[in-house]
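Below, each chain spelled out in residue letters.
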Amino acid sequence: MKLVYSREGGLFPQRAHTEVQSADLPADLQKMVDKVLTQPDAYQPVSANSALRDGYQYRLDLTEGRKKICLRFDDLNLPDEVQPLIHFLQQRTGKP
Amino acid sequence: MKKHVGCLCQIIPPFIIDELKKAGVAIPTNTRTISREFRERRADQLALRSSQSALVTPPTKNADRFVYDSNTTQHQRLLLVRKEGGAATVDPIVNTVYENAGIIREYYKTAFNYLSVDNHGADLILNVHFGQNYANAFWDGDEMTFGDGDGEVFINLANALDVAGHELTHGVVQYTAGLTYQGQPGALNEHYADVFGSVIKQVSKKQTAATADWLIGDEIMGPSLQGQALRSMKAPGTAYDNPLMGKDPQPDHMNAIYKGTGDNGGVHINSGIPNKVFFLVATGIETDKAALLWFETLKTLKPTTNFKSFKTAILKQAKKLAVAKRVPADTETVVKESFLAVGL
Ligand SMILES: [Zn+2]
């Protein structure tokens, strides 16, 4: 499974981006990604905050065969369960 | 008063509370009760303000400060660690953000008789230690939130008065002009946040337009980026140039305006153009007079104001304030020349 991660926004304009195969993720994150792929609706954020200023927007695209999942979060609706994955991918981008 | 977007903060999930307890962090039950009461009280205030009765007798509060520790989670209003009038804590970040919010509140009150973000004395909610190595700060429609940074590229963002001033001013803009966060109106929104972040820093440091460095965020840069900043109002496009952040993309003239879709149409990029105008005007008439002109204009702007109509609005206020002898007589000329210098 291929993961494409990007983060935009923040106090200064910056785009962080990375792509990774799920097999290259740590075991616990692989499990997490499998869960997202099987139950994507459980991870869709309820709503975005249109009043957010300087916050980050996160985008996660998962592709396996013909199946494509696109998830978008911001700082206030990022599920706790997804945070370790985002943190890992953000570190991989090499951006602060 | 504009309709306000409700708070989207999460209730703390039980597993987070368990983790905090395991880590020895005590969460007093009354803290969570207070959090809930805040939300309910603010919802009541917002409902009242949008009703007819509020137009007659708007409720006024005291702009009390409440500092919360997110304890490196991405949860707001997690642990109340200091409130208005409360004793200093052992955490210097908590005390610094509390003091800085007090300086900003006092500035708006003294300079413009404007109380808190909404001019009705709304509580000032400040969250610190948000996220893990979170190198950012934001305003979310209700409150301010600051990350610790990674300690290398950025140090704690709650340390800097201009960053707190920037975020709180997003609240002021929300309750006044309500500038949309896209394209040129969005760049003006960012511009206003930078202007008052910088002005409040200058007032606090007793600087003038000539002695100020006009940098934003220079005090949050970590050891590896010393001497750089997030933005330069004096010389947009020169604040940083390094492999981690890239190169500062801000233009200082309309001939280099960013026309792409990134950053909500360049809200943090094209703000360089009005930022340069403010620097030039402040240099011509002094920072406090320029700040007065900008604040009085803010109250007249529409959510969709672009750079051209912003210039018209500033000139109109310059004339009005000069007649009232609240700014120098040559302000209109200085403003015209400053806008011309950036191609407007
Ligand atoms: Zn901003």
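Residues numbered from 1 in each chain as written. Chains lettered and ligands numbered in written order. Predicted model: local features only at pLDDT ≥ 70, side-chain atom pairs only at ≥ 80, totals over all residues. Heavy atoms only, no water.

Let's shift gears to the sheet that holds strand 3 (residues 56–64) of chain A. All names here are of chain A. The 4 strands are arranged 2-1-3-4 in an open sheet whose pairing can be described as antiparallel. Edge positions in the sheet fall to strand 2 (15–21) and strand 4 (67–74), since each has one partner strand and no second. Averaged over all neighbouring strand pairs, the angle between strand axes comes to 10°, with direction disregarded. Both strand 1 (residues 2–9) and strand 2 contribute to a ladder of 7 bridges, which runs antiparallel. Pairing of tyrosine 5 across the sheet is with threonine 18, part of strand 2. In the packing of helix 2 (residues 83–93) onto the sheet, contacts are made with strand 1, strand 2 and strand 3, and the angle to strand 2 comes to roughly 105°. (Pairing = 2+ DSSP bridges. Helix = DSSP H or I, 4+ residues; strand = E, 2+ residues; numbered from the N terminus. Axes fitted to C-alpha atoms, helices over the stretch in contact; angles between N-to-C directions. Contact = heavy atoms within 4.5 Å.)

With that out of the way, let us pick up the coordination of the zinc ion. By definition of the ideal shapes, four donors in a tetrahedron about a metal sit 109.5 degrees apart, and six donors in an octahedron sit 90 or 180 degrees apart. The zinc ion binds to the protein through Asp54(A) (OD), Asp54(A) (OD), His166(B) (NE2), His170(B) (NE2), Glu190(B) (OE) and Glu190(B) (OE); the donor distances cover 2.0 to 2.5 Å. One can describe the site at the zinc ion as irregular: its 6 donor atoms subtend angles covering 53 to 150° at the metal. On the criterion of chain membership, the pair formed by Asp54(A) in the loop between helix 1 (27–38) and strand 3 and His166(B) in helix 5 (residues 161–175) is interchain, its members lying in two chains. Taking relative accessible area as the criterion, His166(B) reaches 1% and is therefore assigned buried. (Donors = N, O, S within 2.8 Å, 3.2 Å for Na, K, Ca; no water. Tetrahedral: all angles 85-135°; square planar, octahedral: opposite > 155°, others 65-115°. Buried < 20%, exposed > 50% of the residue type's maximum accessible area, 1.4 Å probe, protein only.)

Looking now at the side chain of Glu167(B). Within the secondary structure, Glu167(B) sits in helix 5. An unpaired buried charge is present at Glu167(B): no salt bridge exists, and Arg231(B), the closest side chain of opposite charge, is 6.9 Å distant. Beyond its immediate chain neighbours, meaning those up to four positions away, Glu167(B) contacts Leu11(A), Arg53(A), Asp54(A), Ala137(B), Phe138(B), Trp139(B) and Met144(B). (Lys, Arg positive; Asp, Glu negative; His and termini not counted. Salt bridge = Lys/Arg side-chain N within 4 Å of Asp/Glu carboxyl O.)

At the interface, 27 residues of chain A touch 42 residues of chain B. Counting the surface lost from both chain A and chain B, the interface buries some 2700 Å², and carbon and sulfur atoms represent 54% of this. For chain A, the biggest contributors to the area lost against chain B are Leu11(A), Arg53(A) and Leu76(A); these three give 27% of the whole. Inspection of the chain A/chain B interface yields 0 salt bridges. Between chain A and chain B we count 15 residue pairs in polar contact (both at pLDDT 80 or more) in total. The set of elements that each furnish at least two residues to the side of chain A that touches chain B consists of strand 3 and helix 2 of chain A. (Buried area = accessible area lost by both parts, 1.4 Å probe. Polar contact = N/O pair within 3.5 Å; in protein donor to acceptor, adjacent residues only side chain to side chain.)

Tallying each qualifying case throughout the model produces 15 salt bridges over all chains. Across the pair Lys35(A) and Glu81(A) runs a salt bridge, and its minimum N-O distance is 2.7 Å. On the criterion of sequence distance, the pair formed by Lys35(A) in helix 1 and Glu81(A) in the loop between strand 4 and helix 2 is long-range, its members being 46 residues apart. On the basis of relative accessible area, Lys35(A) is assigned to the partly exposed category, the value being 37%. According to the relative accessible area criterion, Glu81(A) is partly exposed, its value standing at 39%. For Arg231(B), the salt bridge identified is with Asp194(B), shortest N-O distance 2.6 Å. Of this pair, Arg231(B) sits in strand 7 (residues 231–232) while Asp194(B) sits in helix 6 (residues 183–204), and the two are 37 residues apart along the sequence. Look at Arg231(B) and you get buried, because its relative accessible area is 1%.

Before going further, it helps to spend a moment on the packing of aromatic side chains. Residue and element names in this part refer to chain B. Taken as a whole, this structure holds 25 aromatic pairs over all chains when the rule is applied. Taken together, a centroid distance of 4.1 Å and an interplanar angle of 5° make the contact between phenylalanine 112 and phenylalanine 295 stacked. Highlighted residues: phenylalanine 112 in helix 4 (residues 92–112) and phenylalanine 295 in helix 9 (residues 287–298), separated in sequence by 183 residues. Overall, the relative accessible area of 0% leaves phenylalanine 295 in the buried class. (Phe/Tyr/Trp six-rings, centres within 6.5 Å; stacked < 30°, edge-to-face > 60°.)

Regular strands place their side chains on alternate faces of the sheet. All names here are of chain B. Of the two faces of strand 5 (residues 144–147), the one holding Met144 and Phe146 and the one holding Thr145 and Gly147 are both buried throughout. Note that strand 3 (residues 124–130) and strand 5 share 3 bridges and pair parallel. Across the sheet, the residue bridging to phenylalanine 130 is glycine 147, located in strand 5. Between strand 4 (residues 137–139) and the antiparallel strand that follows it, strand 5, lie 4 residues; glycine 141 among them carries a positive phi value of about 100°.

Residues and elements named next belong to chain B. Annotation of chain B at the domain level lists domain 1 (9–175) and domain 2 (183–341). The interface of domain 1 with domain 2 comprises 23 residues on the first partner and 31 residues on the second. Summed over both sides, the interface between domain 1 and domain 2 buries roughly 2200 Å², with carbon and sulfur atoms accounting for 73% of that surface. It is Tyr107, Phe112 and Asp162 that lose the most area in domain 1 upon contact with domain 2, and together they represent 26% of the buried surface on that side. (Domains from an automatic or database assignment.)

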